[in-house]
Amino acid sequence: MATSFEYSNQARTYDLTRAASPSVLAPLRAALGDRPGSLVDVGGGTGNYARALADEGWRPVVLDRNAGMLGRAASKQLPVALGDASALPVADGSVDAVVFVSMLHHVPDWQAALAEARRVVRPGGVVAVMAFTREQVDVHWVLGYLPATLAHFAGLHQTRDELLGALPGAVEHPVLYEDVVDGSVAALCRRPELLLDPEVRAQTSLFEWAETHTPDELADGMARLEADLAAGVRPQDADPGRRAALGDASVLAWRRPT
Ligand SMILES: C[S@@+](CC[C@H](N)C(=O)[O-])C[C@H]1O[C@@H](n2cnc3c(N)ncnc32)[C@H](O)[C@@H]1O
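Calculation criteria
Residues numbered from 1 in each chain as written. Predicted model: local features only at pLDDT ≥ 70, side-chain atom pairs only at ≥ 80, totals over all residues. Heavy atoms only, no water. Buried < 20%, exposed > 50% of the residue type's maximum accessible area, 1.4 Å probe, protein only. Helix = DSSP H or I, 4+ residues; strand = E, 2+ residues; numbered from the N terminus. Pairing = 2+ DSSP bridges. UniProt positions renumbered as here; feature names shortened; annotations may be inferred. Salt bridge = Lys/Arg side-chain N within 4 Å of Asp/Glu carboxyl O. Phe/Tyr/Trp six-rings, centres within 6.5 Å; stacked < 30°, edge-to-face > 60°. Core = buried A, V, L, I, M, F, W, Y, C linked by side-chain atoms within 4.5 Å. Contact = heavy atoms within 4.5 Å. Near = heavy atom within 4 Å. Polar contact = N/O pair within 3.5 Å; in protein donor to acceptor, adjacent residues only side chain to side chain. Areas by Shrake-Rupley, 256 points an atom, 1.4 Å probe, with all protein chains shown as cover. Nonpolar A, V, L, I, M, F, W, Y, C, P; charged D, E, K, R; others polar. Axes fitted to C-alpha atoms, helices over the stretch in contact; angles between N-to-C directions.

### Here's the deal with the pairing of strand β7 (residues 249-255)
Argument step 1. Within β7, six of the seven residues are buried, leaving the element largely enclosed by the surrounding structure.
Argument step 2. Summarising the sheet, strand β5 (residues 121-131) and β7 pair through six bridges and their orientation is antiparallel. Opposite methionine 130, over in β7, you have valine 251 as the bridge partner.
Argument step 3. Pairing of strand β6 (residues 171-175) with β7 involves five bridges; the strand directions are antiparallel. Within the sheet, the bridge partner assigned to valine 175 lies in β7 and is alanine 249.

In structure tokens form, the structure reads like this:
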């Protein structure tokens, strides 16, 4: 199931809690390799990851379907392009890298988006996808407090095998959040008290969805979380073996054969 979440509201506030996380940048760098070149950041939003990569020598264009998000990216001295992930306005084999960070679950035809990325990278170029697999969504324990939201959210995410089917032979680099610099659901799960702040939660499409569609469940779930934390429960420490085995998220790196 796809979402129609479109980020116009979040464009004004996204950067209050979302910046380029070191926990994501390290596996992203490993995926991209150490020879910076041209890069399309698909669904690049306010440009936080593109800015960080530009500072390391990459030449990114931030492509997004939301003009408000792109306005923020442009203010960071980044070239921007309005467009859709499913039909990239980019010539065949013309760029060194394409990245998707925390966005593929928003694309109804995600297979088309990955096919487009594979089309536009040059031979030897790389497609890097940072995403939660459906298996990893289970590691995001807060969703246990929100059953209807979990059902919705899980349905938006591809399984690991589905992603690998679209990116054959891709190498997986796990993401384990050690910071909350980029306050995604997975990162916030490391700091449960932050999940109690509606302003912090609102910068994630998941909680925005819950606020709109399941507000009673959200209020009840957050009240239960608050009570559990007050009682000394540490949900972020539950099942560390499973978290270590699966990762909080993954960066998949596919290289176009030369
Ligand atoms: C969670 S934000 C991630 C932004 C950025 N990649 C980051 O990690 O900071 C998701 C972004 O994907 C964009 N987006 C969603 N669907 C899209 C599509 N079909 N084509 C292009 N951009 C899309 C949204 O407008 C939003 O800016």
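### Quick look at the UniProt feature "domain: Methyltransferase type" (unreviewed entry) in the protein chain
Argument step 1. In the numbering used here, UniProt assigns the feature "domain: Methyltransferase type" (unreviewed entry) to residues 40-128.
Argument step 2. Secondary structure content for residues 40-128 is 29% helix and 30% strand, while the C-alpha to C-alpha distance between its ends is 10 Å.

### Section: the pattern of salt bridges
Argument step 1. Counting across every chain of the model gives 13 salt bridges.
Argument step 2. Between glutamate 56 and arginine 29 there is a salt bridge, and its shortest N-O distance comes to 2.8 Å. One end of the pair, glutamate 56, is in the loop between α3 (48-54) and β2 (59-64); the other, arginine 29, is in helix α2 (residues 22-32), and 27 residues separate them in sequence.
Argument step 3. Arginine 29 gets classed as partly exposed once you look at its relative accessible area, which sits at 38%.
Argument step 4. With a closest N to O distance of 3.8 Å, glutamate 162 and arginine 134 form a salt bridge. Here arginine 134 lies in helix α6 (residues 134-137) and glutamate 162 lies in helix α8 (residues 160-166), a separation of 28 residues in the sequence.
Argument step 5. A relative accessible area of 34% means that glutamate 162 is categorised as partly exposed.

### Examining the packing of aromatic side chains
Argument step 1. Per the counting criterion, the structure on display carries three aromatic pairs.
Argument step 2. Ring centres of tyrosine 7 and tyrosine 14 lie 6.2 Å apart, and the angle between their planes is 70°; on these two criteria the pair is classed as edge-to-face.
Argument step 3. Summarising the aromatic geometry, the rings of phenylalanine 132 and phenylalanine 153 are spaced 6.3 Å apart at their centres and angled 55° between planes, so their arrangement reads as tilted. Of this pair, phenylalanine 132 sits in the loop between β5 and α6 while phenylalanine 153 sits in helix α7 (residues 147-156), and the two are 21 residues apart along the sequence. Grouping residues by exposure puts phenylalanine 132 and phenylalanine 153 together as buried.

### What about the nonpolar core?
A general trend in soluble globular proteins is that nonpolar side chains are found buried together.
Argument step 1. In terms of nonpolar packing, the biggest core is built from 44 residues, with Leu28, Leu32, Met130, Val142 and Phe207 touching the most fellow members.
Argument step 2. With five residues, α2 is the largest single contributor of residues to this core.
Argument step 3. In contact with valine 142, not counting residues within four places along its chain, are Val185, Cys189, Leu195, Phe207, Met222 and Leu225.
Argument step 4. Listed in part, the 28 residues of the second largest apolar core include Val42, Phe100, Ala113 and Leu252.

### Regarding the site of the ligand
Argument step 1. In the neighbourhood of the ligand, 18 residues make up the surrounding shell, with Tyr7, Gly43, Asp64, Ala85 and Val101 lying closest.
Argument step 2. Between the ligand and the protein, one listed contact pairs a nitrogen atom with a backbone N or O atom of glycine 43 at 2.8 Å.
Argument step 3. Arginine 65 places a side-chain nitrogen or oxygen 3.3 Å from a nitrogen atom of the ligand.
Argument step 4. Expressed as a share of its isolated accessible area of 600 Å², the protein-covered part of the ligand is 98%.
Argument step 5. For the shell around the ligand, the residue count by class is eight nonpolar, seven polar and three charged.

### Observations concerning the sheet that holds β5
Argument step 1. With respect to topology, seven strands assemble into an open sheet ordered β3-β2-β1-β4-β5-β7-β6, the strand pairing being mixed. Of all the strands in the sheet, the pair left with one neighbour each is β3 (80-82) and β6. Here the average twist between neighbouring strands, direction ignored, is 20°.
Argument step 2. In the packing of α2 onto the sheet, the strands contacted are β1 (38-42), β4 (95-101), β5, β6 and β7, and the crossing angle to β6 comes to about 165°.
Argument step 3. Strands β4, β5 and β7 of the sheet are contacted by helix α5 (residues 110-120), whose axis makes an angle of about 150° with β5.

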